[in-house]
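Each chain, letter by letter, is given below.
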Amino acid sequence: MSAYRASLLRFDAAGSAVLDTDGLLVVDAAGKVAAAGDFAQLKSQFVHVPTQHLPGRIIAPGFVDLHVHYPQIDVIGSPADGLLPWLENYTFPEEKRFVAQEYSAQTATFFIAELMRNGVTTALTFATSHVASVNAMFKAADVAGLRIITGKCLQDRNCPDGVRDETEQSLIDTESLIQQWHGKGTRGQLGYAITPRFAPTCSDAQMRGMGELAAKYPDVWIQSHVSENVDEIAWVKELYPQDASYLAVYDRFGLLRHKSIYAHSIHFDDADRALMKARSAAAAVCPTSNLFLGSGNFDFADAANQNMLHGLASDVGGGTSFSPFKNMLAAYYVSRSSSRTSGLAKQAMTLSPEQLWWLHSAGAARALGLEGVVGNLQIGCDADFVILNPQATPLLARRTGRAENLAELLFALIVLGDDRVIEQTHLATS
Ligand code: GUN
Ligand code: ZN
């Protein structure tokens with residue numbers, strides 16, 4: 001056992017943020033949280049446990065990134081008129097390089113280090129269409145002990161040579177990668193995700209095959225993109241005229257279910273949100289990406305009103321930063337603007353700092369079906385946590401020093417924070 005004494009940020013059963021100003025986190029030999037709460041209340045029970053005292057620091061759950069592309073690190077900041085030209089001119093050419101094991105391995109190792117530097121301890125990431133890119137990511141995550149869910153990207157049409165795969169082989173590869181990697185890793189932390197890139201680049205046969213795999217392996221995840229960009233949506237209408245909506249295409253093929261995570265989910269109507277809710281599927285909200293590519297604004301008010309699972313994601317390389325602080329700040333801006341633009345009758349939905357933080361930790365874990373496993377510091381969770389320094393810069397020290405309550409403290413960190421705030425990232429294995 002080991003213990004850490006510092007301020008402790010965690011979420012109660014209702015998802016409300018709780019700060020133990022002088023808190024204690026106790027980690028058992030298996031790397032699970034054995035206790036978390038007020039130091040004065042807990043200290044007598046754990047008096048013999050070696051305790052690190054971290055005055056002035058905050059311990060918080062490791063962040064959860066619900067949607068990211070590890071092969072797009074070198075695409076960050078590539079300007080384009082919108083999603084489709086961005087894919088064609090920057091993303092597909094870069095992804096071609098991941099046919100090489102060496103290039104994949106080197107990028108995967110860099111990516112894992114970048115997640116850790118930014119306090120992200122669980123990520124659902126795309127690989128490319130190359131098997132080598134999947135193996136490289138799982139190997140790097142296994143070495144680091146990080147919880148990574150990834151999968152081979154399937155795309156057998158409407159994309160260039162070098163990234164386009166072949167229908168039959170793509171499904172064979174997916175199944176053997178599931179068998180090789182799902183549930184593996186030192187603490188069983190590696191997860192497989194069946195990964196259709198998006199409906200426009202997958203044939204009916206490929207979609208059908210993925211749906212069959214999803215039914216055969218109900219415990220694996222599914223990740224894809226939906227309703228991100230208006231040109232993309234018009235294209236899907238042409239390709240799938242019989243379906244009521246873009247989201248309904250995935251549903252028809254059995255790809256909408258618990259543990260399926262759909263990036264963007266911006267241009268939804270009430271029927272889409274109801275469908276997502278009915279299937280227990282989740283939206284990965286990618287605010288820096290949506291702002292950068294001009295895709296549109298996720299409607300947090302409607303998502304909350306219709307109880308649709310959702311959480312925050314970086315979507316690097318459409319997204320501009322690995323930092324959860326940057327994602328939370330962008331989500332805040334979006335929540336303010338969407339509440340103003342979405343009709344007179346609607347209630348405003350400006351996200352609070354506690355809600356923003358929850359959406360990037362415990363809320364994102366819930367969206368993944370990993371509630372009680374990661375994203376929080378409740379008893380039994382993996383002890384994946386970050387040690388934050390609220391005095392990491394002179395301005396942060398000055399501003400957080402004036403915070404009079406939890407909301408003010410979290411807001412100062414969200415608005416002014418970046419990787420410099422993350423002093424240490426602890427994994428359940430370390
Ligand atoms: N839609 C299909 N592929 C992608 C991708 O790589 N990034 C984003 N943002 N949207 C996509
Ligand atoms: Zn994406």
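Everything below is about the structure printed above this text.
Residues numbered from 1 in each chain as written. Chains lettered and ligands numbered in written order. Predicted model: local features only at pLDDT ≥ 70, side-chain atom pairs only at ≥ 80, totals over all residues. Heavy atoms only, no water.

**Student:** Please explain the overall build of the protein as it appears in this structure.
**Tutor:** In terms of helices and strands, the protein carries 16 helices and 15 strands. Over its C-alpha atoms, taken along the principal directions, the protein stretches across nearly 65 × 50 × 35 Å. Residue burial in the protein is summarised as follows: out of 430 residues, 60% are buried. In the protein, the share of contacts with a sequence separation of at least 24, taken over all contacts with a separation of at least 6, comes to 74%. (Helix = DSSP H or I, 4+ residues; strand = E, 2+ residues; numbered from the N terminus. Buried < 20%, exposed > 50% of the residue type's maximum accessible area, 1.4 Å probe, protein only. Contact = heavy atoms within 4.5 Å.)

**Student:** In this structure, what is going on with the coordination of the zinc ion (ligand 2)? I would like to understand it.
**Tutor:** When four donors bind a metal tetrahedrally, each ideal donor-metal-donor angle is 109.5 degrees, and when six bind octahedrally, the ideal angles are 90 or 180 degrees. Every protein donor of the zinc ion (ligand 2) is accounted for by His 67 (NE2), His 69 (NE2), His 225 (NE2) and Asp 315 (OD), and the metal-donor separations fall at 1.9 to 2.5 Å. Bound by 4 donor atoms, the zinc ion (ligand 2) shows angles of 88 to 167 degrees at the metal and therefore irregular coordination geometry. Mapped onto the sequence, the residues coordinating the zinc ion (ligand 2) show the spacing H-x1-H-x155-H-x89-D. Taken together, the positions of His 67 in strand 5 (residues 63-69) and Asp 315 in the loop between strand 13 (309-312) and helix 12 (324-341) put the pair 248 residues apart, joining distant regions of the chain. Look at His 67 and you get buried, because its relative accessible area is 1%. (Donors = N, O, S within 2.8 Å, 3.2 Å for Na, K, Ca; no water. Tetrahedral: all angles 85-135°; square planar, octahedral: opposite > 155°, others 65-115°.)

**Student:** It is not clear to me how the site of ligand 1 should be interpreted in this structure. Could you clarify?
**Tutor:** The environment of ligand 1 is formed by His 69, Gln 72, Leu 83, Trp 86, Leu 87, Arg 197, Phe 198, His 225, Glu 228, His 264 and Asp 315. At 2.9 Å from an oxygen atom of ligand 1 is found a side-chain nitrogen or oxygen belonging to Gln 72. Measuring from a nitrogen atom of ligand 1, one finds a side-chain N or O atom of Asp 315 at 3.0 Å. Coverage of ligand 1 by the protein amounts to 100% of the 280 Å² it exposes when considered alone. (Near = heavy atom within 4 Å. Polar contact = N/O pair within 3.5 Å; in protein donor to acceptor, adjacent residues only side chain to side chain. Areas by Shrake-Rupley, 256 points an atom, 1.4 Å probe, with all protein chains shown as cover.)

**Student:** Looking at this model, I keep getting lost on the nonpolar core. Mind explaining?
**Tutor:** If you look at the biggest cluster of nonpolar residues, it comprises 101 residues, and the most contacted ones within it are Met 207, Phe 300 and Trp 357. Ignoring sequence-local partners within four residues, the contact set of Trp 357 consists of Leu 9, Phe 11, Ala 60, Phe 63, Phe 325, Met 328, Leu 388, Leu 410, Leu 413 and Ile 414. Grouped together as the second largest cluster of nonpolar side chains are 18 residues, Ala 193, Ile 261, Ala 263 and Leu 370 included. (Core = buried A, V, L, I, M, F, W, Y, C linked by side-chain atoms within 4.5 Å.)

**Student:** For this particular structure, what's the right way to read the packing of helix 15 (residues 394-401) against helix 16 (residues 406-416)?
**Tutor:** Helix-helix packing is described using two parameters, namely the angle between the two axes and the distance between the axes. Where helix 15 contacts helix 16, the two axes come as close as 9 Å, and the packing angle between them is 160 degrees. Judged on the interaxial angle alone, helix 16 and helix 15 are roughly antiparallel. In this structure, the crossing between helix 15 and helix 16 has a hand that is right-handed. Along the contact surface, helix 15 presents Leu 395, Leu 396, Arg 399 and Thr 400, while helix 16 presents Leu 409, Ala 412, Leu 413 and Leu 416. In terms of residue class, the contact of helix 15 with helix 16 is made up of 6 nonpolar, 1 polar and 1 charged. (Axes fitted to C-alpha atoms, helices over the stretch in contact; angles between N-to-C directions. Parallel < 35°, antiparallel > 145°, perpendicular 65-115°, else oblique. Left-handed = near helix turned anticlockwise from the far one by under 90°. Nonpolar A, V, L, I, M, F, W, Y, C, P; charged D, E, K, R; others polar.)

**Student:** Is there a simple way to think about helix 6 (residues 204-216) in this case?
**Tutor:** Three or four residues apart is the spacing at which side chains of an α-helix point the same way, because the helix has 3.6 residues per turn. With 13 residues, helix 6 should cover 18 Å at 1.5 Å per step; its first-to-last C-alpha distance of 18 Å lies within 8% of that length. Those residues of helix 6 not exposed but buried are Gln 206, Met 207, Gly 209, Met 210, Gly 211, Leu 213 and Ala 214. Buried residues in helix 6 make contact with strand 8 (153-154), helix 5 (167-181), strand 9 (191-196), strand 10 (221-226) and helix 8 (246-252). (Expected span 1.5 Å × (residues − 1).)

**Student:** Help me understand the packing of aromatic side chains in this model?
**Tutor:** Here a ring pair, both rings aromatic, is described through the centre-centre distance and the interplanar angle of the planes. Taken as a whole, this structure holds 16 aromatic pairs when the rule is applied. When the ring of Tyr 70 is compared with that of Phe 111, the centres are 5.8 Å apart and the planes differ by 55 degrees; the resulting orientation is tilted. Remark: Phe 111 occurs in helix 3 (residues 101-117) and Tyr 70 occurs in the loop between strand 5 and helix 2 (83-95); sequence separation between them is 41 residues. The exposure class assigned to Tyr 70 is buried, which follows from its relative accessible area of 0%. Arranged with centres 4.9 Å apart and planes meeting at 85 degrees, the rings of Tyr 332 and Phe 411 form a pair that is edge-to-face. Of this pair, Tyr 332 sits in helix 12 while Phe 411 sits in helix 16, placing them 79 residues apart in sequence. Judged by its relative accessible area of 15%, Tyr 332 falls in the buried class. An aromatic cluster is built from Tyr 70, Phe 98, Tyr 103, Phe 111 and Phe 322, whose rings are joined through pairwise contacts. (Phe/Tyr/Trp six-rings, centres within 6.5 Å; stacked < 30°, edge-to-face > 60°.)

**Student:** Please clarify how the environment of Arg 187 should be interpreted in this entry.
**Tutor:** Position of Arg 187 relative to the elements: it lies in the loop between helix 5 and strand 9. Sequence separation between Arg 187 and Thr 429 is 242 residues; the distance between their C-alpha atoms is 7.6 Å. Ignoring sequence-local partners within four residues, the contact set of Arg 187 consists of Gly 145, Leu 146, Arg 147, Asp 382, Asp 384, Leu 427, Ala 428 and Thr 429. A distance of 2.7 Å separates the side chain of Arg 187 from the backbone oxygen of Gly 145, its partner in a polar contact.

**Student:** Explanation requested: the pairing of strand 6 (residues 120-126) in the structure shown.
**Tutor:** Along any regular strand the residues' side chains alternate between the sheet's two faces. Of all the 7 residues making up strand 6, 7 are buried; the element is thus mostly covered by neighbouring parts of the structure. Bridge analysis of strand 5 against strand 6 gives 5 bridges, and the strand direction is parallel. Directly across from Val 64, in strand 6, lies its bridge partner Thr 122. One ladder, built from 5 bridges, connects strand 6 with strand 7 (residues 147-151); its direction is parallel. Bridging from a neighbouring strand, Phe 126 pairs with Gly 151 of strand 7. (Pairing = 2+ DSSP bridges.)

**Student:** Teacher, can you tell me more about the side chain of Ser 104 here?
**Tutor:** Assignment of secondary structure puts Ser 104 in helix 3. Excluding anything up to four places from it in sequence, Ser 104 contacts Tyr 70, Phe 98, Ala 132, Ser 133 and Ala 136.

Geometry only, nothing functional implied.
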